[in-house]
Amino acid sequence: MIARKWHGIVPSEKAEIYHSYLLATGLRDYTATAGNRGVFLFKRANGDITHFDTLTFWNDVAAIKKFAGEDYEKARYYPEDKDYLLEFEELVTHYEVLEAEGIFRQ
């Protein structure tokens, strides 16, 4: 299994609406992609900015490519992201999952 981590920063006054936006776009698309095993969404407020991190789990790289495309190391953005995000990190991080106990759907 492969874990994929993405990070984004928004102005804190947009954090609530961005959360709803993530649910309707990225999180919906993650879970609709064959080979996705689960999604976690994290939020951390830090004064005027709020950090969002997604941690998604995939059967393999081929499954990630179904979501992200052939250049799967690059972050995938939606057109409306420009209305929220303060910066666009180019790359995501991937990890080989060595152990996972009881939290993933089959």
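Below is a summary of the structure that appears in this document.

Calculation rules
Residues numbered from 1 in each chain as written. Predicted model: local features only at pLDDT ≥ 70, side-chain atom pairs only at ≥ 80, totals over all residues. Heavy atoms only, no water. Helix = DSSP H or I, 4+ residues; strand = E, 2+ residues; numbered from the N terminus. Rg over C-alpha atoms; globule rule 2.2 N^0.38 Å. Buried < 20%, exposed > 50% of the residue type's maximum accessible area, 1.4 Å probe, protein only. Contact = heavy atoms within 4.5 Å. Areas by Shrake-Rupley, 256 points an atom, 1.4 Å probe, with all protein chains shown as cover. Lys, Arg positive; Asp, Glu negative; His and termini not counted. Charge placed at Lys NZ, Arg CZ, Asp CG, Glu CD.

### Considering the overall build of the protein
Looking only at helices and strands, the protein features 3 helices and 4 strands. The C-alpha radius of gyration computed for the protein amounts to 14 Å, which stays within 12% of the reference 13 Å derived for 106 residues, consistent with globular compactness. Seen along its three principal axes, the alpha-carbon backbone of the protein occupies a region of about 35 × 30 × 20 Å. Taking all 106 residues of the protein together, the buried fraction comes to 42%. A sequence separation of at least 24 residues applies to 66% of the contacts in the protein between residues at least 6 apart. Taken as a whole, the protein presents about 6400 Å² of accessible surface, with 51% of it coming from carbon and sulfur. Charge separation in the protein, taken as the distance between the mean sites of 13 positive and 18 negative side-chain charges, equals 4 Å.

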